[in-house]
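Read off the chains here:
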Amino acid sequence: MRNKKDSFKILILPGDGIGPEVVQQVTRLIEWLEQNRPISFHVTYDLVGGASLAEHGVPIRDEVIKKAWESDAVLFGSVGDPCWAHVGFDKRPEVAILALRHELGLFANLRPAKIFDALTDASTLKPEVIRGLDIMIVRESVGGIYFGDPRGIEVLPDGSKKGINTEIYTTSEIERVARVAFTLARKRCNRVCSVEKSNVMESGLLWKEVVTNIHQQEFPDVTLSHMLADNCAMQLVRNPCQFDVLVTGNLFGDLLSDLASMLTGSLGLLPSATLGETRSDGKCAALYEPIHGSAPDIAGKGIANPIGQILSFAMMLRYSLHREEEALLIESAVSHVLADGFRTADIMSEGMKCVGTAAMGDAIISKLAQLAKV
Ligand code: IPM
Ligand code: MG
């Protein structure tokens, strides 16, 4: 049993673009929780992405990776401001998130796409197609073509160039992410769809074989299906509610999760959790980030949607800090505020109240107070 007032060590990395403004709303939520719930946080902030390039000349420092290891969980904003294009590929802001995933061994990226009842109209798809949508995409996040060797750009004898990236998956890499997907499915609708391109790629053929074996050996009670990635993209638009848990590699997961996010109306709404192996002390390294990018076009304007970031914090409360009650409280506050008609610009529709980032934060906090009856 933990102490009456649980205390957690979290590292917050706002990043660049809209990262700092949306993270600011989580900082306010943290203050609210500390004042009103039996929970306290030891919060450390550091720089990553464009913010770190500006201050330290690199997208992430070893020191930050070390701090991440020592934390109960990491809350990440976003990186990718294109104003850093001149620093070169090895130093681009995105290196920060890729290094954190890789160095912390965060292999399972959980990307839920769940529709809020109040937002069935915000989707570009017909309400009857997306009503009740609740998908969990489990994206492998430290392997595949993102990290495979050989990679690079070579100059050929005739002076032209060759760009190279390599898709690699080993049995154990596939097994561990498949286990995460099957375990999650058991707590949901008990269905996993494994996605690859086994009709073209050997790595996909192995993916399918290994997932099938793990299913037979360890999770025969879960319903498993297989789908080619291109068909999956089509099915996600045609009939998204057919899916429960999707498990796939790094690149397909990147693409399909952006696609799935738009089913819900906005990229700005969706959270994610990226989890590592459970360590001997029972803890596991974990990073929580919205799936949206740094949206430099709207950065600094105070109009970004903070909900994806706030729901990422709720996922942290659930998966790393085991505070289901507070996670549900936040999720419910978000859903009530949307039902009350508050909308940031990205999800605005006729007759609703258009608010900025901070006003959305205000609305969620006052709803929290109301729901928790403080
Ligand atoms: C994501 C992003 C990242 C990725 C970028 C910023 C490196 O698109 O988290 O989906 O490709 O993984
Ligand atoms: Mg992406």
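Given the structure is predicted, the values throughout are model-derived calculations rather than measurements.

1. Structural notes on helix H1 (residues 19-36)
Part 1: Counted at 1.5 Å a residue, the expected span for H1 with its 18 residues is 26 Å, and the 26 Å between its end C-alpha atoms agrees.
Part 2: By the burial criterion, the buried members of H1 are Gly 19, Glu 21, Val 22, Val 23, Gln 25, Val 26, Thr 27, Leu 29, Ile 30, Trp 32 and Leu 33.
Part 3: Looking at the buried residues of H1, the elements they touch are strand S1 (6-15), strand S2 (39-45), strand S3 (73-78), helix H10 (307-319), helix H11 (324-339) and helix H12 (357-372).

2. A short note on the nonpolar core
Side chains of nonpolar character tend, in soluble globular proteins, to be buried together.
Part 1: With 89 residues, the main nonpolar core has Phe 41, Leu 110, Val 138 and Phe 313 as its most contacted residues.
Part 2: Residue assignment places this core across two domains, with domain 1 (1-109 + 267-374) and domain 2 (134-263) each supplying three or more.
Part 3: Not counting the four nearest positions on each side in its chain, Phe 41 is found in contact with Phe 8, Ile 10, Ile 30, Leu 33, Glu 34, Phe 313, Leu 317 and Leu 321.
Part 4: Counting 19 residues, the second-largest nonpolar core is a separate cluster that includes Leu 11, Leu 13, Phe 76 and Leu 100.

3. Here's the deal with the domain arrangement of the protein
Part 1: The domain boundaries assigned to the protein delineate domain 1 (1-109 + 267-374) and domain 2 (134-263).
Part 2: Put simply, the middle of domain 1 and the middle of domain 2, counted by C-alpha atoms, are 25 Å apart.
Part 3: If you look at the interface, domain 1 gives 15 residues, while domain 2 gives 18 residues.
Part 4: Surface buried jointly by domain 1 and domain 2 totals about 1,300 Å² across both partners, of which 63% is contributed by carbon and sulfur atoms.
Part 5: When residues of domain 1 are sorted by the area they lose upon contact with domain 2, Phe 107, Asn 109 and Leu 267 head the list and together hold 42% of the total.
Part 6: Linking domain 1 with domain 2 are one salt bridge, by the criterion used here.
Part 7: Linking Arg 176 and Glu 277 is a salt bridge whose minimum nitrogen-to-oxygen distance equals 3.2 Å.
Part 8: Taken together, the links from domain 1 to domain 2 amount to four residue pairs in polar contact (both at pLDDT 80 or more).
Part 9: Put simply, the parts of the chain that give the side of domain 1 that touches domain 2 at least two residues each are helix H4 (95-103), strand S4 (108-114) and strand S11 (271-278).

4. Examining the confidence of the model for the protein
Part 1: On average, the protein scores 95 in pLDDT, and the residues at 70 or more come to 99%.
Part 2: Confidence scores differ between elements of the protein, with helix H5 (residues 127-130) showing the lowest mean pLDDT of 93 and strand S8 (residues 191-196) the highest of 99.

5. Structural notes on the packing of aromatic side chains
Ring pairs (aromatic) are described by centroid distance and by the angle formed between their planes.
Part 1: With the rule as written, the count across this model stands at four aromatic pairs.
Part 2: Pairing Phe 41 with Phe 313 gives two aromatic rings, centres 6.0 Å apart and planes at 55 degrees, and the pair type is tilted. Remark: Phe 313 occurs in helix H10 and Phe 41 occurs in strand S2; sequence separation between them is 272 residues.
Part 3: Overall, the relative accessible area of 10% leaves Phe 41 in the buried class.
Part 4: Aromatic side chains Tyr 169 and Trp 207 sit 5.1 Å apart centroid to centroid with 70 degrees between the ring planes, which places their arrangement in the edge-to-face category. Residue Tyr 169 is located in the loop between strand S7 (161-164) and helix H6 (171-186), and its partner Trp 207 is located in helix H7 (residues 202-218); the two are separated by 38 residues in the primary sequence.
Part 5: Three or more aromatic residues link up through ring pairs in this structure, and these residues are Phe 8, Phe 41 and Phe 313.
Part 6: Here the guanidinium or amino end of Arg 92 rests over the ring plane of Phe 89, the centre of that ring lying 3.8 Å away.
Part 7: In this structure, Lys 353 is placed above the aromatic ring of Phe 342, and the distance from its NZ or CZ to the ring centre is 4.5 Å.

6. Some details on the pairing of S1
Part 1: For S1, the tally of buried residues reaches eight of 10 residues, placing the bulk of the element in the interior.
Part 2: As for the winding sense of the linkage, the β-α-β connection from S1 through H1 to S2 is right-handed.
Part 3: Bridge analysis of S1 against S3 gives five bridges, and the strand direction is parallel. Within S3, the residue paired with Ile 12 across the bridge is Leu 75.

Calculation notes
Residues numbered from 1 in each chain as written. Chains lettered and ligands numbered in written order. Predicted model: local features only at pLDDT ≥ 70, side-chain atom pairs only at ≥ 80, totals over all residues. Heavy atoms only, no water. Helix = DSSP H or I, 4+ residues; strand = E, 2+ residues; numbered from the N terminus. Expected span 1.5 Å × (residues − 1). Buried < 20%, exposed > 50% of the residue type's maximum accessible area, 1.4 Å probe, protein only. Contact = heavy atoms within 4.5 Å. Core = buried A, V, L, I, M, F, W, Y, C linked by side-chain atoms within 4.5 Å. Domains from an automatic or database assignment. Buried area = accessible area lost by both parts, 1.4 Å probe. Salt bridge = Lys/Arg side-chain N within 4 Å of Asp/Glu carboxyl O. Polar contact = N/O pair within 3.5 Å; in protein donor to acceptor, adjacent residues only side chain to side chain. pLDDT = per-residue confidence, 0-100. Phe/Tyr/Trp six-rings, centres within 6.5 Å; stacked < 30°, edge-to-face > 60°. Lys NZ or Arg CZ within 6 Å of the ring centre and 35° of its normal. Right-handed = clockwise from strand over helix to strand, strands pointing away. Pairing = 2+ DSSP bridges.

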